[in-house]
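Each chain, letter by letter, is given below.
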Amino acid sequence: MYSTPSTAPIAAAGPMQRRVDPYADNGGTAVAIAGEDYAIIAADTRQSDGYLINSRYAPKAFQLSDSSVVACCGFYGDATALASHLSQRMEQYQYAHDKPMSTPALAQMLSNTLYGKRFFPYYVHNILAGVDADGKGCIFNYDPVGSFERYRWQAAGSGVALIQPFLDNQVGFKNMAQEANPPFLPLEKALQLVKDAFTSATERDIYTGDQVEIFVITKNGVEKLSYDLKKD
Amino acid sequence: MATTSIDSFPATARPGGFSFELHTRNQVLSSRGAAVPRATKTGTTIVGVVYKHGVVLGADTRATEGPIVADKNCEKIHYIAPNMYCCGAGTAADTEFTTNLISSQLELHRLATGRQARVVTAMTLLKQMLFKYQGQVGAALILGGCDVEGPQLFSIHPHGSTDKLPYVTMGSGSLAAMSIMEAKWTPDMERQDAIDLVDNAIRAGIFNDLGSGSNVDVTVITPEGVDVLRNYATPNERGVREGVYDYARGTTKVLTESIRSLVEVVDGDAMEVE
């Protein structure tokens, strides 16, 4: 039970290496659902560090134009830097092409931007939502280095494991005796699912709570809704 | 020379404390990538306050497993004796078993002595056990009670140190709670003032510490008796669910059906019974 004393010589103090961890996990959750003629994207506003709350209102979903909203979950410093960078690039696109950037074009640019920092990544899990050229809702899900795919529903962030299976069942009708290609949900039903997803995630995930901002994107523009969540 | 394993020792000669026989095996497993199982911690805000006529203990009710809430309404104020209760923070299993063990030992002690147990006795039993395990038993406790010496409040740390104080806080929310204590505690408070102070201190932990949450439990101990105010405050009722998520019959597809008879039914005359 007792170890024998070490007989190894004590090393003389030599060159030392100091390291700073450039990342932090600020928590939070985002959810997006695409419909026939709309896209909904929602993110909670709690920003935390370990057991501390840094802010009860630090929005994670950024409206980049009249047709696109991006939600960035993970390291808040990289989230704001990325949103700001995208916003600047979209303005340059507008001047160069004399038209606003469409959501699918922005989707590709976001992927390229993320891969541009492949060896010092943006520590964020992104979801981009908007309407495509046909007016159909579209959402794109990203990993931190730019791999992306178009989906009809997706969750991200600290509550992803709690919400994604719920969405798979209620939006995609998975694991139920239903038809293979599920119909698009009406807007009211999708909104109700998103709200319930957040109240439920707030119960069981300590990093999700305070307030949720829900963006509804249609061909007519972007509408923002806010709801309170539990603050404990 | 024959090797003797620890189990072959007679019970009286067996050394106490933990057996470290699995240490080598655990190291080999983790070096091969097996995940070490994590114990449930309570996160927690617990407080205790001495007032004019007794002691008030308070606790939140959230139990966490990492970032997930494992229990939204667990009980962190444990019974020790008719005149003593103990709040527990740290590893949930450790606080539960430690308080049960000492409560049991105290009851035997009470029967042997024929007297009401003293708070210092419980404190001594707890600290000696925790020190023996060198901090491996992750129990941070706030012990409060009333005995012949009057109302007393102790904080006990996992390594076995104790402090006798008029107000204490422990757990991940202890800083939030202590800020309330330092602002508002005064000596010789009245009962309701003490309860309000404890309630506010726990709420500070519930709302400002992510490891604490849900409801406020309060226990008031006086020489006359104990008031267990379970869920004294419930400031975190669940948000109303908007949708109805019942499943219709037939939602889960039946792929195969197999019915076996356990008995064979045969028509015949009734059995003769003696």
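Residues numbered from 1 in each chain as written. Chains lettered and ligands numbered in written order. Predicted model: local features only at pLDDT ≥ 70, side-chain atom pairs only at ≥ 80, totals over all residues. Heavy atoms only, no water.

**Student:** Looking at this model, I keep getting lost on the overall build of chain A. Mind explaining?
**Tutor:** Along its length, chain A carries four helices and 12 strands. In terms of its C-alpha atoms, chain A occupies a principal-axis envelope of roughly 75 × 50 × 35 Å. Counting over 232 residues, chain A shows a buried share of 51%. Partitioning the contacts of chain A with sequence separation of at least 6, the portion at a separation of at least 24 is 60%. A total accessible area of about 11700 Å² is found for chain A, and carbon and sulfur atoms account for 53% of it. Across chain A, the mean location of the 20 positive side-chain charges is 4 Å away from that of the 25 negative side-chain charges. (Helix = DSSP H or I, 4+ residues; strand = E, 2+ residues; numbered from the N terminus. Buried < 20%, exposed > 50% of the residue type's maximum accessible area, 1.4 Å probe, protein only. Contact = heavy atoms within 4.5 Å. Areas by Shrake-Rupley, 256 points an atom, 1.4 Å probe, with all protein chains shown as cover. Lys, Arg positive; Asp, Glu negative; His and termini not counted. Charge placed at Lys NZ, Arg CZ, Asp CG, Glu CD.)

**Student:** Please clarify how empty space enclosed by the protein should be interpreted in this entry.
**Tutor:** Empty pockets left among the atoms are what a rolling probe the size of a water molecule brings to light. All names here are of chain B. Following the criterion strictly, the structure yields two cavities of 30 Å³ or more and no others. Taken as a whole, the largest cavity encloses approximately 70 Å³ of empty space. In terms of lining residues, the largest cavity is bounded by Glu75, Lys76, Ile77, Tyr85, Asp217, Val218, Thr219, Val228 and Arg230. Sorting the residues of the lining of the largest cavity by element identifies β11 (216-222) and β12 (225-233) as the ones contributing at least two each. The biggest single contributor to the lining of the largest cavity is β11, with three residues. Looking at the lining of the second largest cavity residue by residue, the classes come out as one nonpolar, two polar and five charged. (1 Å grid on protein atoms, 1.4 Å probe; cavity = no way out; pocket = protein on both sides within 12 Å on 5 of 7 lines; lining within 4 Å. Points joined across faces, edges and corners; volume = space filled by probe spheres on them. Nonpolar A, V, L, I, M, F, W, Y, C, P; charged D, E, K, R; others polar.)

**Student:** Is there a simple way to explain the packing of aromatic side chains in this structure?
**Tutor:** Ring pairs (aromatic) are described by centroid distance and by the angle formed between their planes. Throughout the structure, instances matching the rule amount to eight aromatic pairs over all chains. Consider the rings of A:Phe140 and A:Phe148, whose centres lie 6.0 Å apart with planes at 50 degrees: the pair is tilted. Considering the side-chain rings of B:Tyr167 and B:Trp185, the 4.9 Å spacing of their centres and the 35 degrees angle between planes classify their relative orientation as tilted. Of this pair, B:Tyr167 sits in strand β10 (residues 167-170) while B:Trp185 is found in the loop between α4 (174-184) and α5 (191-208), placing the two residues 18 residues apart along the sequence. Given the relative accessible area of 17%, B:Tyr167 is considered buried. Each member of the aromatic cluster is reached from another via a ring pair, and the members are A:Tyr23, A:Phe75, A:Phe120 and A:Tyr123. In this arrangement the basic side chain of A:Lys117 is found over the ring face of A:Phe120, its NZ or CZ atom lying 4.3 Å from the centre. Taking the ring centre of A:Phe184 as reference, the NZ or CZ of A:Arg152 above it sits at 4.2 Å. (Phe/Tyr/Trp six-rings, centres within 6.5 Å; stacked < 30°, edge-to-face > 60°. Lys NZ or Arg CZ within 6 Å of the ring centre and 35° of its normal.)

**Student:** What is the right way to read the interface of chain B and chain A from this model?
**Tutor:** Many authors give the size of an interface as the accessible area that is lost as the parts come together. Listed as interface residues are 35 residues of chain B and, on the opposing side, 28 residues of chain A. Summing both sides of the interface, chain B and chain A together bury roughly 2600 Å²; the carbon and sulfur share of this comes to 53%. Here chain B is connected to chain A by three salt bridges. Linking chain B with chain A are 18 residue pairs in polar contact (both at pLDDT 80 or more), by the criterion used here. Contributing elements (two or more residues each) for the side of chain B that touches chain A: β4 (68-71) and α5 of chain B. (Buried area = accessible area lost by both parts, 1.4 Å probe. Salt bridge = Lys/Arg side-chain N within 4 Å of Asp/Glu carboxyl O. Polar contact = N/O pair within 3.5 Å; in protein donor to acceptor, adjacent residues only side chain to side chain.)

**Student:** Quick question: what am I supposed to make of the nonpolar core here?
**Tutor:** Residues and elements named next belong to chain A. Formed by 24 residues in total, the largest nonpolar core has its most connected members in Val31, Ile40, Ile163, Val171, Val194, Phe198 and Ile214. The set of elements that each furnish at least two residues to this core consists of β1 (29-34), β2 (38-44), β10 (153-157), α3 (160-170), α4 (187-204) and β11 (211-218). Take this core: its biggest share by element is seven residues, from α4. In contact with isoleucine 40, other than residues within four places in its own chain, are Val31, Ala32, Ile33, Leu187, Ala190, Leu191, Val194, Ile214 and Phe215. (Core = buried A, V, L, I, M, F, W, Y, C linked by side-chain atoms within 4.5 Å.)

**Student:** I would appreciate a short explanation of the layout of surface pockets in the present structure.
**Tutor:** Roughly 270 Å³ of internal volume is contained in the largest pocket. Together, 17 residues line the largest pocket, and A:Thr199, A:Asp228, A:Leu229, A:Lys230 and B:Gly239 are the ones closest to its centre. If you tally residues by element for the lining of the largest pocket, the top one is α4(A), at six residues. Tallied by class, residues from the lining of the largest pocket come to six nonpolar, four polar and seven charged.

Remember that the coordinates give geometry; whether it matters functionally is a separate question.
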